[in-house]
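# Summary of the model geometry
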Amino acid sequence: VSADRHVQPHSGTILLREKMSTKKRLDIELMRILAAFFVIFNHTDDKGFFLFLQYAPNDIHYWIYLMFSVFCRFSVPLFFMIAGALMLDRESEPLVVLWKKRISHICFILVIWSFAYYCLVGIGVEHQKFNLSHFFLQLYSADWNYSYWYLYAYISFLIVVPFLQRFAKSLSNREYFYMLGLYGFFAVIIPVVQYFPSLGKININNQLPITWIMQWNVFFPLMGYFLENRARYFWTAKKILLLWVLDVLTLLVSCILTYFRANMTGVYDGTKSEAFHATFVIINAATIFVTCQYLYARYQWGERISKVIKSAGGCTFGIYLMHFYLLNYAPISVYIWSVLKHRFDTLALLCVFAYCGYVFLTSYVLTVALKKIPILRRLVS
């Protein structure tokens, strides 16, 4: 990519379609499907995400399952990259429109679905007493569904979209590379290098890192904008293959770092094992992003496949909103998981992928149904 602001196509590059709608583009919808599916996998906990902890490090299953746990972390960054690709190149909306059309809608979604989880899980499963003030206090200070942290982050992204739009358009490619270098130094190199000598006891002064750049709802939208609007003509099949090689290598490095950390500390449980899962997530997310772009630009998609991708991609917000209940609490889901685990216990990873597929498809069907009801369609879109 040239250091100039505008990259011109050259021979051997991907010639993307000149007129690409921001709605129902196959590459964007495919990204959404992949991100939504692996968000579900990311929330499977002991069923799948932490499955590697059930095996010794000298067992091949440990490394295979750990690799998938690291791989799936691209999902949320990819959602933010999609948001940046679609929104940061637009003209700024009037602030009244931004708040009335976008921010207030996501706030409404957050309140309604959090209340649904409060009733279904907090009251129905955990047998809490109904307390409306407690609900709003928890909603304000934390959440009622830990997967909804993304909604809070997305709201904060929308609030500063007018600033990010100006910022994204004004940066040169050289400045984007500088930003990427800063992210790599402060979010990748420093955390890894400083961890092992002291096992996390000595950290860089927290005033030094450029923390606002490293925020996922800032950095990844800007990277999505860059890949969509500045580097669209850069990627060839050979370059994408090399990017996949780099991606696999960095995934392996994350796995090795996870192993070394556990081996040195003796701690192998749950979330404490995730310290390096997202260390190289920018490479993984960017690889998925440009691969989908390339496939969309280079190949013709059949009408039936295109229709399925557009339909599923258009329902991923609803899938995200309801997947957590279906994954962990719905009685039919508990039964299906028990059957899968009992009958196919030796195929653990295939079981969890099948279960994620069931949750994805069920959430999709429910989202399609809700979209057909005028009063309720705004709850899933």
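A brief structural summary. (Residues numbered from 1 in each chain as written. Predicted model: local features only at pLDDT ≥ 70, side-chain atom pairs only at ≥ 80, totals over all residues. Heavy atoms only, no water.)

## Things to note about the overall build of the protein chain
Counted only if it meets this: Numbering goes from the N terminus for both helices and strands, where a helix is a DSSP run of H or I of at least four residues and a strand is a run of E of at least two. Computation of the radius of gyration draws on C-alpha atoms alone. For the globule rule, the value is 2.2 Å times the number of residues to the power 0.38. Each residue is assigned to one of three classes by its accessible area relative to the maximum for its type, calculated with a 1.4 Å probe on protein chains only: buried under 20%, partly exposed between the two thresholds, exposed over 50%. Residues count as neighbours in contact if any of their non-hydrogen atoms are within 4.5 Å of one another.
Within the protein chain, the regular secondary structure consists of 16 helices and zero strands. The C-alpha atoms of the protein chain give 21 Å as radius of gyration, which agrees with the globular expectation for 381 residues (21 Å, within 12%). The principal-axis extents of the C-alpha atoms in the protein chain amount to approximately 60 × 55 × 50 Å. Across the 381 residues that make up the protein chain, the buried fraction comes to 49%. Residue pairs at least 24 apart in sequence account for 82% of intrachain contacts in the protein chain once pairs closer than 6 positions are excluded.

## What about the packing of helix α8 (residues 173-198) against helix α11 (residues 237-265)?
Note the following rule: Whenever a helix is involved, its axis is fitted only over the stretch in contact; in every case the axis is a line through C-alpha atoms, and angles between N-to-C directions fall within 0 to 180 degrees. The scheme is simple: roughly parallel for angles under 35 degrees, roughly antiparallel for over 145, roughly perpendicular for 65 to 115, oblique for anything else. Should the near helix be turned anticlockwise from the far one by less than a right angle, the crossing is left-handed, and should it be turned clockwise, the crossing is right-handed. Under the scheme applied, nonpolar residues are Ala, Val, Leu, Ile, Met, Phe, Trp, Tyr, Cys and Pro; charged residues are Asp, Glu, Lys and Arg; polar residues are all the others, including Gly.
It is at 11 Å that the axes of α8 and α11 come closest, and there the two elements cross at 20°. By the angle between their axes, α8 is roughly parallel relative to α11. Remark: the crossing between α8 and α11 carries left-handed chirality. Judged by residue contacts, Val-192, Tyr-195 and Phe-196 of α8 engage Leu-257, Phe-260, Arg-261, Met-264 and Thr-265 from α11. Of the residues that constitute the contact of α8 with α11, the class distribution is six nonpolar, one polar and one charged.

## Thoughts on unusual backbone geometry
Unusually for a residue other than glycine, Asp-45 sits at a positive phi of about 50°. Its location among the elements puts Asp-45 in the loop between α1 (26-42) and α2 (60-71). Backbone geometry at His-127 places phi at a positive 60°, although glycine is not the residue there. Considering the arrangement of structural elements, one finds His-127 in the loop between α4 (95-123) and α5 (132-141).

## Describing the pattern of salt bridges
Note the cut-off: Any carboxyl oxygen of Asp or Glu that lies within 4 Å of a side-chain nitrogen of Lys or Arg is treated as forming a salt bridge with it.
Under the criterion given, the structure shown has five salt bridges. With a closest N to O distance of 3.0 Å, Arg-102 and Glu-93 form a salt bridge. Salt bridges sharing common partners tie together Arg-25, Asp-27 and Glu-228.

## With respect to a nonpolar patch on the surface
Test applied: For patches, a residue must show more than 30% relative accessible area and have no salt bridge; joins then use 9 Å for like charges and 5 Å for nonpolar side chains, namely Val, Leu, Ile, Met, Phe, Trp and Tyr. Computed with the Shrake-Rupley method and a 1.4 Å probe, the accessible areas treat only the protein chains shown as cover for residues.
A surface patch of nonpolar side chains, amounting to about 760 Å² of accessible area, comprises Leu-199, Leu-241, Val-245, Val-248, Leu-249, Leu-252, Ile-256, Phe-260 and Met-264. Along the polypeptide, Phe-260 turns up in helix α11. With a relative accessible area of 40%, Phe-260 lands in the partly exposed category.

## A few points about the environment of Leu-120
In this fold, Leu-120 is placed in helix α4. A relative accessible area of 41% means that Leu-120 is categorised as partly exposed. Note: C-alpha distance between Leu-120 and Phe-37 (83 residues apart in sequence) is 23 Å. Contact partners of Leu-120, with chain neighbours within four places excluded, come to Val-125 and Tyr-325.

## A short note on the packing of aromatic side chains
The following threshold applies: Pairs were defined over the aromatic rings of Phe, Tyr and Trp, the Trp ring being its six-membered one, requiring ring centres within 6.5 Å. Orientation was assigned from the angle between planes: stacked under 30 degrees, edge-to-face over 60, tilted for the rest. Ring-over charges, as used throughout, are those where CZ of Arg or NZ of Lys falls within 6 Å of the ring centre and within 35 degrees of the ring normal.
Counted according to the given criterion, the structure contains 52 aromatic pairs. With a centroid separation of 5.6 Å and an interplanar angle of 85°, the aromatic rings of Trp-216 and Phe-220 are classed as edge-to-face. You can see Trp-216 and its partner Phe-220 sitting in helix α10 (residues 216-229), four residues apart, about one turn around the helix. Given a relative accessible area of 0%, Phe-220 falls into the buried group. Against the face of Phe-234 rests Lys-239, its NZ or CZ located 3.9 Å from the ring centre.

## Side note on the state of the cysteines
The cut-off we apply is this: In plain terms, two cysteine sulfur atoms within 2.5 Å form what is called a disulfide here.
Tallied over the full model, the rule gives zero disulfides. As a non-bridged cysteine, Cys-119 has Cys-107 as the owner of its nearest cysteine sulfur, 20 Å distant. Since its relative accessible area comes to 30%, Cys-119 is described here as partly exposed. Cys-356 takes part in no disulfide bond, and the closest cysteine sulfur to it belongs to Cys-72, at a distance of 9.2 Å. Among the residues examined, Cys-356 registers a relative accessible area of 0% and is labelled buried.

## Considering the nonpolar core
Put simply, the rule is: Working definition of a nonpolar core: buried Ala, Val, Leu, Ile, Met, Phe, Trp, Tyr and Cys residues. They are joined through side-chain atoms within 4.5 Å.
Ranked by internal contacts, the top residues of the largest apolar core, which has 124 residues, are Phe-41, Trp-113, Phe-157, Tyr-176 and Leu-227. Sort the elements by how many residues they give to this core and α1 lands first, with 12 residues.

## Some thoughts on the environment of Ser-363
Summarising the element assignment, Ser-363 is placed in helix α16 (residues 348-371). Taking the C-alpha atoms as reference, Ser-363 lies 20 Å from Leu-350; in sequence the two are 13 residues apart. In this structure Ser-363 touches Ile-319, Met-322, His-323 and Leu-326, once residues within four positions along its chain are discounted.

## With respect to the packing of α1 against helix α12 (residues 281-298)
Where α1 contacts α12, the two axes come as close as 8 Å, and the packing angle between them is 140°. Considering the angle they form, α1 stands oblique to α12. At the point where α1 passes α12, the crossing takes the right-handed sense. Facing α1, whose interface residues are Leu-26, Asp-27, Leu-30, Met-31 and Leu-34, α12 presents Ile-288, Phe-289, Cys-292, Gln-293 and Tyr-296. Across the contact of α1 with α12, the residue classes break down as eight nonpolar, one polar and one charged.

## Remarks on helix α3 (residues 75-87)
Note the cut-off: Expected helix span is computed as 1.5 Å times (number of residues minus one).
Taking 1.5 Å per residue as the helical rise, α3 with its 13 residues ought to reach 18 Å, and the 18 Å between its terminal C-alpha atoms agrees with that figure. With 13 of 13 residues buried, α3 lies mostly within the body of the structure.

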